Structure formats: C-alpha cells, structure tokens
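Analysis of the macromolecular model
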Amino acid sequence: MKRLLIMAVLLLVGLTGAPGRAAMTIKLGVVTKPGSAQNIAADKFRELVEQRSQGAITVKIYDSASIGNETEILQQIQMNTVQMGIITSGPFDTFDPIVRVIDYPFLFKDSEQADAILDGPIGREVLDSLETSGFKGLCFSENGFRHLTNSRRPVKGPEDVKGLKIRVMASAMHKTIWQTLGANPTPMPWPVYTELEQRVIDGQENPLWLMVEYKLWEVQKYLTLSRHVYSPHIDVASLAWWRTLDVATQEMLATAMRDAAHYQRQHNRDGDAERLRLLKEKGFVVEEHPDIDGLRRKVAGLKDMDIYRDPRVKAMLLRLLEAVQGR
C-alpha cells in the first residue's frame with residue numbers, strides 16, 4: 001500500500017512538474033522581433049519559469065506583432081485572452097495617465113538613477129495604479145534612452161527639429177513632447193520601416209538597440225543622441241488571471257519576471273557602445289553632443305500643460321521631480 005502511494009505521488013509530480021502545481025501555459029505578447037529588448041526579457045522569463053516550475057508551467061511568446069500592436073496586446077491582457085506582456089511605457093497612458101510621469105522628458109540623468117526611482121516606492125505606486133485598468137504591474141525592464149533619427153537634416157538643437165514629421169507611439173505624452181519641440185508628431189504602431197523608406201515620415205525616436213535590430217541605417221541618415229526620454233518597458237499580467245493563481249505561483253512568477261528584467265537591463269546597457277560604433281560604420285551621421293539644454297528649455301513647461309491636469313497625476317509628477325532632484 002505504501003509503495004502504491006509513493007508511485008501515485010511520483011506520477012502526480014511527473015504530470016504537473018511540481019507538487020501541488022497544475023500544468024499551465026502562459027501566453028505572453030511582445031510587439032518586437034526576436035533579438036529585441038522585449039524579447040530578451042521574455043525569453044529569460046520563459047527560461048526561469050519553466051526551470052523553476054520544473055516544467056509544470058510553459059510560456060508561449062507571441063512576438064513580431066503577431067497578435068497585434070502594443071495597444072491591442074494590452075487590450076487582450078485586460079480580457080485575459082493573453083496573460084502577460086512586456087510593453088513600452090508610452091501606450092499605457094491611454095489606459096492610466098499616471099504612466100506619463102515616468103516618460104517625462106529629460107527626467108533621469110542616467111540608468112542608475114532610473115533604477116533607483118523605478119525600483120523604489122514611486123515605481124511601485126505606478127505599477128499598483130495599473131490595477132484600476134485591469135493590469136497587474138510586476139516590474140520594469142528596459143527599452144532605454146530614446147534618440148532621434150531622421151532622413152532630412154542633422155539635428156543639433158531645437159531649431160533643427162521644427163517641421164520634422166516624426167513617428168511617435170500612441171501616447172498623448174510623447175505626442176505633446178514633440179509638438180512642444182516644434183515637430184509634427186505622427187502616432188503609428190511599430191514597425192515603421194516601410195513608412196521611413198517611402199518618406200511618409202521623416203524620422204522616429206527610439207533607443208539604439210532598435211536602430212540596429214531594424215537596420216534603420218538603410219532608411220535614415222541622421223542620428224542625434226538626444227536622450228530625451230528614458231523609456232522603460234512595463235512588465236504586466238492580466239489582473240483577472242493573476243487573481244486565480246495561488247500565492248506561491250504568484251511569487252514565483254513575479255520573482256522570475258524581476259530576475260529577467262534585471263538580466264535584460266544589464267544586457268541592454270552592455271551593448272550600447274558597440275551599437276553606436278556599428279551605426280556609425282553603417283553610415284549614420286551622428287550628432288553626439290546636441291544642445292540638450294536648449295531642448296530641455298523647450299519642454300520645461302510641460303508639467304503645467306493639460307497633459308498633467310489630473311490632480312493625482314500632477315501630484316505624482318511633482319513627487320517624482322523632487323525625488324530625482326534629491327539624487
């Protein structure tokens with residue numbers, strides 16, 4: 001009898017991969033292609049989850065916009081037709097305007113300062129706020145500091161931005177930034193290689209990794225290291241789905257995503273010097289020292305614009321600006 005009981009337990013473990021944990025498949029959406037920043041975090045998360053659950057939980061990654069753009073992925077996460085996503089911060093502001101505070105222009109001086117704030121209490125409040133929109137905010141991985149490219153002219157200061165038709169994310173915040181700088185911001189889902197090639201738009205703004213992965217040197221000529229926004233990815237789960245999980249599974253998944261995010265951030269930062277070298281080699285004309293002070297002055301009044309009229313959002317922004325100044 002005892003032997004039969006032991007065999008039954010071993011069979012159960014073999015079926016579920018871990019005692020007491022039912023088999024599960026998690027659908028995770030990203031808009032970018034393999035090798036991109038989101039995908040690196042997603043792949044690491046999958047590896048850690050499948051290892052730590054002893055195979056009981058599998059992660060299916062839907063990449064390359066195969067299930068829609070980032071806004072559409074977020075809508076599917078709300079509905080629990082997709083359980084998780086690694087999404088650029090910008091598109092969240094149509095769901096919860098609190099996210100606009102972390103995309104404020106020229107906010108963070110470096111990655112270390114961004115980590116200190118986003119991994120701290122303010123970052124946690126932003127993540128927790130997403131629950132009102134049906135998301136479980138887990139942590140921040142990294143897109144990176146955003147830079148401007150275009151096919152028309154070198155951009156050394158704010159006067160050179162005027163009139164450029166720039167692709168931006170579906171984000172009121174990012175549209176306002178570029179309107180204030182004098183550009184003609186045009187919201188479009190990613191990717192936009194064809195639109196750049198056909199000169200439907202003059203340029204775009206994104207971190208260096210994206211310019212390499214999507215070979216933007218083929219359709220763009222000028223790169224300005226503007227560092228105008230530090231852009232995180234927000235790693236989220238469907239709140240409706242999350243609440244069906246037991247506490248142990250929740251803790252395992254949350255820890256795996258944090259570990260994957262920390263791995264991806266370092267991977268991203270370690271590669272930027274080589275990416276810049278490659279972009280120059282491929283023919284980009286690079287402005288390495290633009291007039292950052294001039295650009296910053298142009299957007300200094302953003303905090304008093306309608307984009308931050310919500311008292312809750314304005315209060316959070318002021319707290320964030322104070323926290324950054326104190327570091």
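So, how was this worked out
Along each chain, numbering runs from 1 in the same order as the chain's sequence is written. Residues qualify for local features only when their pLDDT is at least 70, as the model is predicted, and side-chain atom pairs are given and counted only at 80 or more; totals for whole chains, interfaces and linings, by contrast, use all residues. Excluded from the side-chain calculations are hydrogens and water; all other atoms, namely the structure's heavy atoms, are used. Salt bridge, as applied in this entry: a Lys or Arg side-chain nitrogen positioned within 4 Å of an Asp or Glu carboxyl oxygen. Here a helix means four or more residues in a row that DSSP labels H or I, a strand means two or more in a row labelled E, and each is numbered from the N terminus. Buried Ala, Val, Leu, Ile, Met, Phe, Trp, Tyr and Cys residues that are joined via side-chain atoms within 4.5 Å together make up what is termed a nonpolar core. Relative accessibility under 20% of the residue-type maximum defines a buried residue, over 50% an exposed one, and the middle range a partly exposed one, all with a 1.4 Å probe and only protein chains included. In this scheme, strands are said to pair when DSSP sees at least two bridges between them. Whenever a helix is involved, its axis is fitted only over the stretch in contact; in every case the axis is a line through C-alpha atoms, and angles between N-to-C directions fall within 0 to 180 degrees. Every residue pair with non-hydrogen atoms within 4.5 Å of one another is taken to be in contact. For classification, angles of less than 35 degrees are called roughly parallel, those exceeding 145 degrees roughly antiparallel, those between 65 and 115 degrees roughly perpendicular, and all remaining angles oblique. Less than a right angle of anticlockwise turn of the near helix away from the far helix marks a crossing as left-handed, whereas a clockwise turn marks it as right-handed. Amino acid classes used here: Ala, Val, Leu, Ile, Met, Phe, Trp, Tyr, Cys and Pro are nonpolar; Asp, Glu, Lys and Arg are charged; the rest, including Gly, are polar.

**A short note on the pattern of salt bridges**
If charged atoms from side chains of opposite charge come close, those side chains can pair. Overall, the coordinates contain 22 salt bridges when judged by the stated rule. The closest approach of N and O atoms between Asp 202 and Arg 152, which form a salt bridge, is 3.2 Å. Residue Asp 202 is located in the loop between α8 (193-197) and β8 (203-206), and its partner Arg 152 is located in the loop between β5 (147-150) and α6 (158-161); the two are separated by 50 residues in the primary sequence.

**A closer look at the nonpolar core**
Ranked by size, the top nonpolar core spans 51 residues in total, and within it Phe 92, Val 101, Ile 102, Phe 108 and Ile 234 carry the most contacts. If one sorts the elements of this core by residue count, helix α14 (residues 311-325) sits on top with 6 residues.

**Comments concerning the sheet that holds β8**
Within a sheet, adjacent strands bond to each other through the backbone by hydrogen bonds, running parallel or antiparallel. As summarised here, the arrangement of the 6 strands in space is β7-β6-β8-β5-β9-β11, forming an open sheet in which the pairing is mixed. Because the sheet does not close on itself, it has two edges, and the strands there are β7 (184-187) and β11 (285-287). Averaged over neighbouring strand pairs, the angle between their axes works out to 25 degrees when direction is ignored. Relative to β8, strand β6 (residues 165-168) runs parallel, the two sharing 2 bridges. Pairing of Arg 167 across the sheet is with Gln 204, part of β8. Against the sheet, helix α7 (residues 172-180) engages β5, β6, β7 and β8, with an angle of about 160 degrees to β7.

**Quick notes on the sheet that holds strand β2 (residues 57-62)**
In spatial order, the strands read β2-β1-β3-β10-β4; together these 5 strands make up an open sheet with mixed pairing. Since the sheet does not close on itself, it has two edges, and those belong to β2 and β4 (135-145), each with one partner. Direction aside, the axes of adjacent strands within the sheet are offset by 20 degrees on average. Pairing between strand β1 (residues 24-29) and strand β3 (residues 84-88): 2 bridges, direction parallel. By the bridge assignment for β3, Gly 29 is matched with Gly 85. With respect to the sheet, helix α2 (residues 37-52) is in contact with β1, β2, β3, β4 and β10 (230-238), its orientation differing from that of β2 by roughly 165 degrees. Across the sheet, helix α5 (residues 121-129) is in contact with β4 and β10; its angle to β4 comes to roughly 125 degrees.

**A closer look at the environment of Lys 27**
Turning to its location among the elements, Lys 27 is positioned in strand β1. In the structure, Lys 27 is positioned 33 residues away from Lys 60 in sequence and 5.0 Å away in space, judged by C-alpha atoms.

**Comments concerning the packing of α2 against helix α11 (residues 247-270)**
With their axes 8 Å apart at the nearest point, α2 and α11 run at an angle of 140 degrees to one another. By the angle class used here, α2 and α11 are oblique. The two elements α2 and α11 meet at a crossing, and its hand is right-handed. Contacts between α2 and α11 involve Ala 37, Ile 40, Ala 41, Lys 44, Phe 45, Leu 48, Val 49 and Arg 52 from the first element and Met 252, Leu 253, Thr 255, Ala 256, Met 257, Asp 259, Ala 260, Tyr 263, Gln 264, His 267 and Asn 268 from the second. Residues that form the contact of α2 with α11 fall into these classes: 12 nonpolar, 4 polar and 3 charged.

**Section: the side chain of Asp 115**
Of note, Asp 115 is situated in helix α4 (residues 111-118). The residues contacting Asp 115, other than those within four sequence positions of it, are Gly 120, Arg 265 and Arg 269.

Limitation: the analysis is restricted to geometry and does not speak to function.
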